[in-house]
Each structure stands twice: as C-alpha cells, then as structure tokens.
Amino acid sequence: MSAGVRGPTNLFGHPTDQLLAQIDSQLSQWDSEKGKPITKISFGHFPLSFSALSHSQKSLKDVFLKHSISAYLCGHLHTRFGKNLKRHHQSNENFLSSHEFFQLNMHQKPSKSAKNCSSQAPPLKEFWEWEMGDWRKSRAMRIMAVDRGHVSYLDIDFKSGTKKTIVLPTFPLDSRFMLTSSFHQMYECQHMVPFSFETIRCIVFSLSPIMSVVARIYDTRPGSPHLIMETTMTKFVRDVSRGDIYAAAWNYKAFEDPSPDRFWLQIEVTDAMGRSTLSELRPFSVNGLSTKISWTWKEFFVMGCQWAALYYPIFWSGIYLMLSILLIPKICLIFSKEQYSYKTSICEKGLINCIAWVLQDLYRIPVVWFGILGYLIYLISCPWLIGQVFTDGENRGYMTYMGWVVKNFNNSEKHQYIGSPDIMVVVLSHFFFVVIPSILVAGALAAERGIYKEHFLSLSGKKEDDDSSQKNKRSVKYDNQGCRIAKFLFVERLFRKILLVVCWAICWKHFMVSINSLFL
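Residues numbered from 1 in each chain as written. Predicted model: local features only at pLDDT ≥ 70, side-chain atom pairs only at ≥ 80, totals over all residues. Heavy atoms only, no water.

1. Things to note about the confidence of the model for the chain
Per-residue confidence for the chain averages 76 on the pLDDT scale, and 68% of its residues sit at or above 70. With pLDDT under 50 throughout, residues 1-11 is counted as low confidence; its partners more than four residues away or in other chains account for 42 contacts. Ignoring residues within four places in sequence, the model shows residues 94-99, a span with pLDDT below 50, making 14 contacts including any to other chains. (pLDDT = per-residue confidence, 0-100. Contact = heavy atoms within 4.5 Å.)

Okay, here's the thing in structure tokens:
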C-alpha cells in the first residue's frame, strides 16, 4: 500500500533555470531507484496557470511531465473561486506544451493513436494538479493515500464540526480524477499487477472501534442508481498505514464497461456507538476511462487560462487602449475641423459622437489630461514600489510591471523580475479596476462640467430689448429662470454627486491594491 512520496516545496511562480534544474535533480534521484515502486507528488504554492516560463522557456509543467509525477498540490487560491480547482496535464505533440493560452476542459485528452504495448514503449506523461482548501478560512483538510502506485484523496470540511469517522476509498479509483491515460494503457496492455485489481479497498479513520464496513456498487444504466453488489469488507492488518485498511474480493471484469460513469461505489462504516458513516458516492472505471467534469466560469478563469502567457498581451492591450483614449481625441481636436461638443452631440445623435464629445472635453482640461498621460508613462518606465527586502543583507528592492528586482545575499547578482503571479494580480487589477475607470470617470466629469456651463449660460443670458412695456415681463422671466437654475442645481447636478461617489470607490480600490501589494 505504501510508496515513496517526495516532492519539492515552496515553488515560485516565476521559476529560474537554477530552480528548475534543482527540482529536476531532486526528482531524478527517485527515478534512479530501480525495482522499487515510487509515486512522486510535488507540493507548491501557486497554480501552474500562474507560473511563468524561465529564461530558457522551460516551465514547472515540463519538469513534472518529464518525471511523470502523479500529482502537483498547490494552495494559493484555495476555494475562493470554487471547490473544483483541478486540472489534468498531459504531454502530447498536438498541444503547444507550455505555450498554450487556454485549456477548455479539466481533462486534457490526447489524440487517438495506435496502442503500443511494447515493453520499450515510453510511458505516457501526465499528472494532476489539485488545488487544496485552507484550514484558516475554510476549515478544510485533505487526506491522500497511495495504493499500489495509484493516488486518491478525500477533502474533509470541518465547518460543520468534527468527524467521528472518515472513509477514503482507494480502489477502484474515482474516474473523475485518476490518471486515465496511463491507467487505460496499463489495463489494455495487461501490464497492471493482477492482485491490485482483485479487491475493493478503503482506509477508515475512526475514534470508536469499527464494527462493520460494507461496500456497495450501484448501476446507473436503468436511469436511477440500482444496487447490484453488496459485500462485507474485512480488516487488512498492517502497521504501515495510520488508518485501518479494509478490503473485499470482487470480480472486476464484471464491471468492464465503455461508460466511465455507469458504476458507482459507496462504502458504509458502522462503529461501536452505532453511528453509520457513508462515503461519497463516486463513479469508477476499471477500464481507465475518465468521466467528464466541467469547470464553472470562475474555475475556468483561474485554472483554464494560462495567465503567465496571457499577462503581457493583456497588459499591452490595456496600455494601448488607455493611450488611444487619450491621444486619438487630441489628434482629432488638433487636426480635424469638426469639433464635438454638447450641442453637436444633441443635434447629431449617435454613440460615436457622444464618445468623441466626452473625450474631447477631457482634453480641454490640460491639467487632468497631462496628469493621466504622465501617470501612464510612469507606470511603464518607473518602479511601482521600492523598499527593503527581508534578507540578511538588508538590501533594497523594487517592483515594476515586469516583476521584483532583488539581489542575492552576497550582492553578487540580481534576481530580475521574479514573483510573476503576485505582479500579475497587482498590475492587471490596478489597470482595469483603477486606471481605466479613473480615465472614464474623469471624462464623464469633464463632460458634465461642459453641460453645466452651457446650460447655465443659456438660462442666465440677456437679450437687448428697448421696449419699455416688456420690463415687467422680463423681471418675471428672470424670476422663472432663477427657479429653473435652482432646480437644475438641485436635480441635474445629482450626476456629479454620483460620479464623485464612484471616484471614492476607485480611490478605495487603489488603496486596497496598494496595501495588498505591500504584504505580498
């Protein structure tokens, strides 16, 4: 039931070539142990979707595929974007390897190819990436087991209280999250260890003595789960595991089926206190076929998008968008004879005329326009943060949109542009939730200023009239105009108040992004 489980920890989001070489060397040491079953599991902080390439265009994914690890566990996102933050990685010549931008499905399936059962055939390279919940906020814990080379796990939620009994099925494997390609090839070529298929197995952790363990298999082909097998499991005495291992013999060939989710397994445990605990009802496939499981849009957003590859295209797209908003209206105002204003936008209705009027009104306030342009230039060319790095040498480092620049302990060389995941979160959030909204709000305030100015002048304007008989009417007219001006000030200027509230929200967002960046 046991195997060697090792892996590098504290993996950086922007690995250097030296770090990748170190990880490669550590994993190679376990490859060299011939004749021993080795299951390799790596632990890191960031998801691979946030991990950038090294200078030699290598990635953590490439190293993990090279050494055929079983799983990579990370814990940066936890459950903030969903409880299904999992991703299957596989090496295939039809994929773009580390340079792909998106993975639409949780399972990365290779193209169909001829079965190669030769002993000289290279093993299929694949591994699972499993995000873990956190204990501090979610009170979540994960138990993992390695059963004759196959990895299974169980996530436990302690928010509802402590668990008196915990049941982790280890075989047959969950068809949603097993290494399907390797398992399927092993089964088709009959390279699996026969006795590993001959029993249903689970691990049970309990505060009270266990009285009975029963395995049930359901068939979903009739439309609803139908019990087709029920068998009592016996305790497998062995001192290696921290839990009690139970097993039951079965005829696994009776459950061969082209559907990966036809048969479902559930285990019931009864302790000495009479408490009954049921495991999760999970699908299984002895053929090694995978059950389709989809991300939600939030899960796809953080796991299916390769943000390290998308970062610079998104960043420069944002820069070009903001420069276009600032420069195009200026060019039109200088070189074009057609000038846009509130009156022209009213007369010539249309979205383009309205946008042109708003942006040109922004340019008519030079202090604001040049201030925004200067800020954009600063963000591109200057450090965003400068401070002392927590090292023995008390060096100072700084952050740009490309990453952190810090020195080694011996001040011999600089680590340039490290920490890509944190930089991506800070930079893109600041651009799209602070800078761009600020430009739009500034344009809206400038347009509102122009509307107010023209409306006020139209209400307070005087006409020459020599007819003395109109003096009384004129005084009444001015009184009415005064009421209209007061009404305009009270009602129409509500738009400015709303914009000022939006400005406050943007300032608060800017403050929170700055605070978060200081504590990354």
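From this point, things continue past the structure.
2. Side note on a nonpolar patch on the surface
Taken together, the side chains of Leu 327, Ile 331, Ile 334 and Phe 335 make up a nonpolar region of the molecular surface, amounting to roughly 410 Å² of accessible area. Take Ile 334: it is sitting in helix H7 (residues 307-335). (Patch = residues over 30% accessible without salt bridge, like charges linked within 9 Å, V, L, I, M, F, W, Y side chains within 5 Å. Areas by Shrake-Rupley, 256 points an atom, 1.4 Å probe, with all protein chains shown as cover. Salt bridge = Lys/Arg side-chain N within 4 Å of Asp/Glu carboxyl O. Helix = DSSP H or I, 4+ residues; strand = E, 2+ residues; numbered from the N terminus.)

3. What about the sheet that holds strand S1 (residues 41-43)?
A sheet is described by the order of its strands in space; here four strands give the open sequence S1-S2-S4-S3, paired in mixed fashion. With partners counted over all chains shown, the strands left at the sheet margins are S1 and strand S3 (86-90), one partner each. Each neighbouring strand pair of the sheet contributes to a mean axis angle of 20°, computed without reference to strand direction. Direction of pairing for S1 relative to strand S2 (residues 71-74): parallel, over a ladder of three bridges. Directly across from Ile 41, in S2, lies its bridge partner Ala 71. (Pairing = 2+ DSSP bridges. Axes fitted to C-alpha atoms, helices over the stretch in contact; angles between N-to-C directions.)

4. Topic: the environment of Asp 219
Tracing the backbone through its elements, the reader meets Asp 219 in strand S9 (residues 210-219). With 42 residues separating them in the primary sequence, Asp 219 and Asp 261 have C-alpha atoms 9.1 Å apart. Within the structure, the side chain of Asp 219 is placed 3.0 Å from the backbone nitrogen of Arg 221, a separation counted as a polar contact. At a separation of 2.9 Å, a polar atom in the side chain of Asp 219 contacts the side chain of Arg 262. (Polar contact = N/O pair within 3.5 Å; in protein donor to acceptor, adjacent residues only side chain to side chain.)

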